[in-house]
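Each chain, written out:
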Amino acid sequence: MMKVATELCIFLFNTSCLVLISGLQLQSMPYDYSATTECVPEPQRAQYGGGIIVNPGFDHNIKDWTVFEHGTIKERTSNDGNTFIVVSNRTQPLDSLSQKVQLEKEMIYIFSAWFQLSEGSDTISVVFKINGSELVKGGHVIAKYGCWSLLKGGIVAKFSSPAEILFESKNPSPGVELWTDSVSLQPFNKTQWRSHQADSIERVRKSKVTFQVNHLNETSLEGATVVIKQTKADFPFGCGMNYHILTNIEYQKWFVSRFKYTTFTNEMKWYSTEKIQGQENYTIPDAMLKFAKENGISVRGHAILWDDERFQPQWVKSLSPEELREAAAKRMKSVVSRYSGQLIAWDVVNENVHNRFFEDKLGENASAVYYSTAYYLDPNTSMFMNEFNTIEFSPDQVASPPNYIRKLKQIQQFPGTTGMLLTIGVQGHFSRGVPNIAYMRSGLDLLGATGLPIWLTESSVDSNPNQAMYFEEILREAYSHPDVEGIIMFVGPAQAGFTNTQLADANFQNTPTGDVVDKLIGEWGTGTHTAIADSRGMIDISLHHGDYDVTVTHPLIRYSKKLNISVRKGFSPETIHVKMHA
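Along each chain, residues carry numbers from 1 onward, in the same order as the chain's sequence is written. Local features in this predicted model are restricted to residues whose pLDDT is 70 or higher, and side-chain atom pairs enter the listing and the counts only when it is 80 or higher, whereas totals over whole chains, interfaces and linings include all residues. The side-chain quantities take in all heavy atoms of the structure and omit both hydrogens and water.

## Focus on the sheet that holds strand β8 (residues 121-130)
Argument step 1. An order of β3-β6-β11-β8-β9 is seen for the five strands of this open sheet, with the pairing classed as antiparallel. At either end of the open sheet lies a strand with only one pairing partner, and these are β3 (66-68) and β9 (134-144). Along the sheet, successive strands turn relative to each other by an average axial angle of 35°, direction set aside.
Argument step 2. By this definition, two strands are paired if DSSP reports at least two bridges between them. Only DSSP runs of H or I covering at least 4 residues are called helices, and only runs of E covering at least 2 are called strands; the numbering of each starts at the N terminus. Where β8 lies against strand β11 (residues 161-169), seven bridges are found, and the strand directions are antiparallel. Within β11, the residue paired with Lys129 across the bridge is Glu164. The axes are straight lines fitted to the C-alpha atoms, using for helices just the contacting stretch, and the angles between their N-to-C directions are given from 0 to 180°.

## Side note on the environment of Pro482
Argument step 1. Of note, Pro482 is situated in the loop between α11 (467-480) and β23 (484-489).
Argument step 2. The criterion used for residue contact is that any of the two residues' heavy atoms lie within 4.5 Å. In this structure, Pro482 is in contact with Tyr33, Ser200 and Val204, ignoring residues within four places of it in sequence.

## Examining the packing of aromatic side chains
Argument step 1. Between 30 and 60 degrees the pair is tilted, below 30 it is stacked and above 60 it is edge-to-face, where a pair is any two Phe, Tyr or Trp rings, Trp via its six-membered ring, whose centres lie within 6.5 Å. Evaluation of the coordinates by the stated rule reveals 24 aromatic pairs.
Argument step 2. Ring geometry for Phe111 against Phe128: centres 6.4 Å apart, planes inclined by 85°, an arrangement best described as edge-to-face. Here Phe128 lies in strand β8 and Phe111 lies in strand β7 (residues 108-117), a separation of 17 residues in the sequence. Like Phe111, the residue Phe128 is buried in the burial classification.
Argument step 3. Measuring from ring centre to ring centre gives 5.9 Å for Phe188 and Trp193, while their planes differ by 70°; the resulting arrangement is edge-to-face. For the exposure calls, accessible area comes from a 1.4 Å probe over protein chains only, and a residue counts as buried if that area is under 20% of its type's maximum, exposed if over 50%, partly exposed in between.

## Some details on the nonpolar core
Argument step 1. In terms of nonpolar packing, the biggest core is built from 98 residues, with Trp346, Phe358, Ile487 and Met489 touching the most fellow members.
Argument step 2. Just so you know, the domain bounds were taken from an automatic or database domain assignment. The residues that make up this core include at least three from each of domain 1 (47-188) and domain 3 (260-490).
Argument step 3. Setting aside chain neighbours within four positions, we find Met489 in contact with Phe237, Gly238, Cys239, Gly240, Phe259, Glu458, Ser459, Phe471, Leu475 and Val517.
Argument step 4. Phe58, Val101, Phe128 and Ala143 belong to the second-largest nonpolar core, a separate cluster that totals 32 residues. Put simply, buried Ala, Val, Leu, Ile, Met, Phe, Trp, Tyr and Cys residues joined by side-chain atoms within 4.5 Å make one nonpolar core.

## Some thoughts on the domain arrangement of the chain
Argument step 1. By the assigned domains, the chain splits into domain 1 (47-188), domain 2 (197-230 + 526-580) and domain 3 (260-490).
Argument step 2. The interface of domain 1 with domain 3 comprises 19 residues on the first partner and 17 residues on the second.
Argument step 3. Note on terms: buried area is the combined drop in 1.4 Å-probe accessible area of two parts once they are placed together, counting the loss on both. Across the domain 1 to domain 3 interface the summed buried area is about 1400 Å²; carbon plus sulfur atoms make up 63%.
Argument step 4. Salt bridges are defined as contacts in which a side-chain nitrogen from Lys or Arg sits within 4 Å of a carboxyl oxygen from Asp or Glu. Where domain 1 touches domain 3, the interface holds one salt bridge.
Argument step 5. One salt bridge connects Lys152 with Asp445, and the closest N-O pair in it is separated by 2.9 Å.
Argument step 6. Think of a polar contact as two N or O atoms within 3.5 Å of one another; within protein, one of them needs to be a possible hydrogen donor and the other a possible acceptor, and neighboring residues in sequence only count if both atoms come from side chains. The tally of links between domain 1 and domain 3 comes to six residue pairs in polar contact (both at pLDDT 80 or more).
Argument step 7. Contributing elements (two or more residues each) for the side of domain 1 that touches domain 3: β7, β8, β9 and β10 (149-156).
Argument step 8. Each residue is assigned to one class: nonpolar for Ala, Val, Leu, Ile, Met, Phe, Trp, Tyr, Cys and Pro, charged for Asp, Glu, Lys and Arg, and polar for all the others, Gly among them. Classifying every residue of the side of domain 1 that touches domain 3 gives eight nonpolar, seven polar and four charged.

## Examining unusual backbone geometry
Across the chain, the bulk of peptide bonds are trans and the bulk of non-glycine residues have phi less than zero.
Argument step 1. Note that the residue after His302, namely Ala303, is joined by a cis bond; omega there is -10°.
Argument step 2. Its location among the elements puts Ala303 in strand β17 (residues 298-306).
Argument step 3. Of note in the backbone geometry, Asn131 takes a positive phi value of approximately 55° without being a glycine.
Argument step 4. The exposure class assigned to Asn131 is exposed, which follows from its relative accessible area of 53%.

## Let's talk about the pairing of strand β18 (residues 345-350)
Argument step 1. Within β18, six of the six residues are buried, leaving the element largely enclosed by the surrounding structure.
Argument step 2. Pairing geometry for β17 and β18, over five bridges, is parallel. Each bridged residue has a counterpart across the sheet, and for His302 the counterpart in β18 is Asp347.
Argument step 3. Sheet topology places β18 next to strand β19 (residues 382-387); three bridges connect them, and they run parallel. Residue pairing across strands places Trp346 opposite Met383, the latter belonging to β19.

Set out below in structure tokens:
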């Protein structure tokens with residue numbers, strides 16, 4: 001039955017991907033946001049029934065699977081009766097099993113599979129071999145001995161072509177077997193992808209509200225007009241800000257009219273506040289924070305320390321380990337104590353998955369020590385791990401979701417961090433090409449499985465003719481994902497020096513990318529809704545989570561009724577009763 005369902009799904013794919021449920025009915029195939037960061041005793045069944053993969057669970061021995069390059073493959077059965085494939089005698093990174101598939105242009109492919117090693121641990125990547133030689137990585141996992149780990153990733157096809165799916169090991173060994181099971185590759189077209197984003201937004205970001213408008217005598221008021229205006233959005237959607245905001249009135253107007261959340265792009269960083277050792281100067285970030293407070297804008301602190309040697313104050317680079325320890329402790333106390341309780345977040349040790357400046361100088365637990373210290377100095381503020389390429393660039397193994405999570409757990413397990421509001425920050429700087437939103441979603445799924453909130457902290461797209469379209473895809477993907485709790489863009493107007501992702505030109509006229517951002521601001525709740533009550537005096541409406549001013553009028557009643565409501569997940573009461581004076 002499962003094979004029939006999979007074939008039906010493939011056959012109908014260009015219209016609506018359907019599966020047969022128990023032979024009784026057809027229904028739309030849902031997206032699967034689930035993932036696990038833990039290794040498990042037995043692998044789960046293949047997602048989406050394997051999608052377009054043939055023999056995904058190896059129930060038919062090694063049918064339709066072959067050896068890629070060297071090594072040998074064979075089927076094995078566990079004590080519990082589960083069958084899986086074993087690759088042995090591996091000497092080269094790409095010695096693995098493989099299967100050929102057909103990719104279609106602009107289709108979005110979600111990949112997943114389970115892996116285990118016969119001993120030790122290693123990084124395993126899924127690789128798509130295209131055009132006979134091009135190798136495109138689609139995701140990574142840290143496979144281990146003794147339990148199964150989930151690799152979740154994907155690709156967006158740039159053109160139609162045959163492809164071969166294979167698996168790369170970072171450190172292959174002829175004595176270590178690679179075990180594989182439950183392989184899946186599920187395609188979606190853009191219409192389906194957008195439809196499921198909309199469905200997720202409806203479930204996660206909105207709640208249904210019913211207004212019942214009556215006379216005082218309880219008779220319904222047909223034709224009553226209800227005007228609903230959002231005064232504050234529940235979802236933080238903000239923009240980076242720089243020092244130009246202090247002197248450029250047009251920049252101030254542009255920013256305040258759109259955003260209630262920000263991150264100072266450089267002004268709080270160590271190299272900005274202490275260019276010369278012992279001479280601290282917080283004049284600019286102090287003034288920027290004052291401006292933000294006066295305009296009701298919440299600020300993320302960026303960043304206490306930066307783990308990249310290139311971005312240390314010049315004088316820091318020549319310090320001995322003991323001098324560095326003392327200088328960093330002074331910096332921590334200075335900046336965190338100064339702004340304690342005034343910010344919504346801190347990027348504590350910026351980009352500490354890619355980089356190791358403090359770890360190499362002060363020991364493996366250097367980052368964890370600083371998170372513990374920041375928590376002690378500002379205990380009610382969220383502490384972020386802020387990293388690039390974790391969701392936006394699949395070839396980068398270093399900061400892949402599994403490696404990000406490994407660093408995250410190191411911080412969580414360090415003494416002094418219990419109770420800390422730890423938050424996942426993924427920057428989201430996308431390059432010129434087609435964004436791999438399949439990899440982005442899979443990465444968010446894996447990070448979300450930690451149970452911690454996720455923010456996109458610095459999202460942008462490199463300049464290109466399709467920048468506006470690509471940026472909209474990225475922002476919609478983030479907003480629709482149930483584990484994402486905020487987005488900050490590192491973009492802005494030309495007059496503030498933004499050149500890569502400009503939202504407004506030198507005359508503060510919107511660019512196409514700026515039009516996209518303004519459209520999403522309106523779409524995600526800040527616009528005004530007007531509705532007319534039916535014959536029962538009722539209005540049913542779905543509202544984005546946030547605070548609203550509501551005005552109710554009727555053409556036959558002199559007075560209007562005003563009220564305030566807050567719509568959140570699990571909103572109650574679902575029906576708001578409004579009684580109007582005659």
